[in-house]
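# A look at the structure
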Amino acid sequence: MGSKNIVSTATIVGSFTAALTMLTAPAAAGPKPPQPTMDKCFGIALKGDNDCAAGPGTTCAGTAAADYQGNAWKYVAKGSCEGMATPKGKGSLEPIKS
């Protein structure tokens, strides 16, 4: 294989890898769309696993800085939020002041 073929192959592999990375990277551009059959439940999301609203210094979905952050929410089945227990307390339909 000549050096020109190696460079072309490396370019193709690099482009393919970049495309895959973009497809698998978490989308933190905005909130998840409204879910009519779900409630926004604050204080239950794990670090980086919130659906949106993680407070100052964060940009949106996937940006919670800590587990069970009181101002970060995650969608859950309607009516189940306030019964969810975490090490920091129960889930809330409103932001939790900590």
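Scroll up for the structure.
Calculation rules
Residues numbered from 1 in each chain as written. Predicted model: local features only at pLDDT ≥ 70, side-chain atom pairs only at ≥ 80, totals over all residues. Heavy atoms only, no water. Helix = DSSP H or I, 4+ residues; strand = E, 2+ residues; numbered from the N terminus. Contact = heavy atoms within 4.5 Å. Areas by Shrake-Rupley, 256 points an atom, 1.4 Å probe, with all protein chains shown as cover. Phe/Tyr/Trp six-rings, centres within 6.5 Å; stacked < 30°, edge-to-face > 60°. Buried < 20%, exposed > 50% of the residue type's maximum accessible area, 1.4 Å probe, protein only. Salt bridge = Lys/Arg side-chain N within 4 Å of Asp/Glu carboxyl O.

### Topic: the overall build of the chain
- Secondary structure summary: the chain contains one helix and four strands in total.
- Moving toward the C terminus, one meets the helices and strands of the chain in the order α-β-β-β-β.
- Expressed as a percentage of contacts within the chain between residues at least 6 apart in sequence, the contacts between residues at least 24 apart total 54%.
- When the accessible surface of the chain is summed, it comes to about 6600 Å², and 65% of that surface belongs to carbon and sulfur atoms.

### Some points on the packing of aromatic side chains
- A complete count under the given rule lists one aromatic pair for this structure.
- On the basis of an interplanar angle of 70 degrees and a centroid distance of 4.8 Å, the ring pair of W73 and Y75 is categorised as edge-to-face. Each of the two residues, W73 as well as Y75, counts as buried.

### Considering the side chain of T86
- Considering the arrangement of structural elements, one finds T86 in strand 3 (residues 85–86).
- Other than its neighbours up to four places away in sequence, T86 contacts G43, I44 and Y68.

### Considering the pattern of salt bridges
- Overall, the coordinates contain three salt bridges when judged by the stated rule.
- One salt bridge in this structure joins D39 and K78, with 3.2 Å as the shortest N-O distance. Placement of the pair is D39 in strand 1 (residues 38–42) and K78 in the loop between strand 2 (73–77) and strand 3, with a sequence separation of 39 residues.
- For D39, a relative accessible area of 16% translates into the label buried.
- Taking the shortest distance from any N to any O, the salt bridge between D49 and K74 comes out at 3.4 Å.

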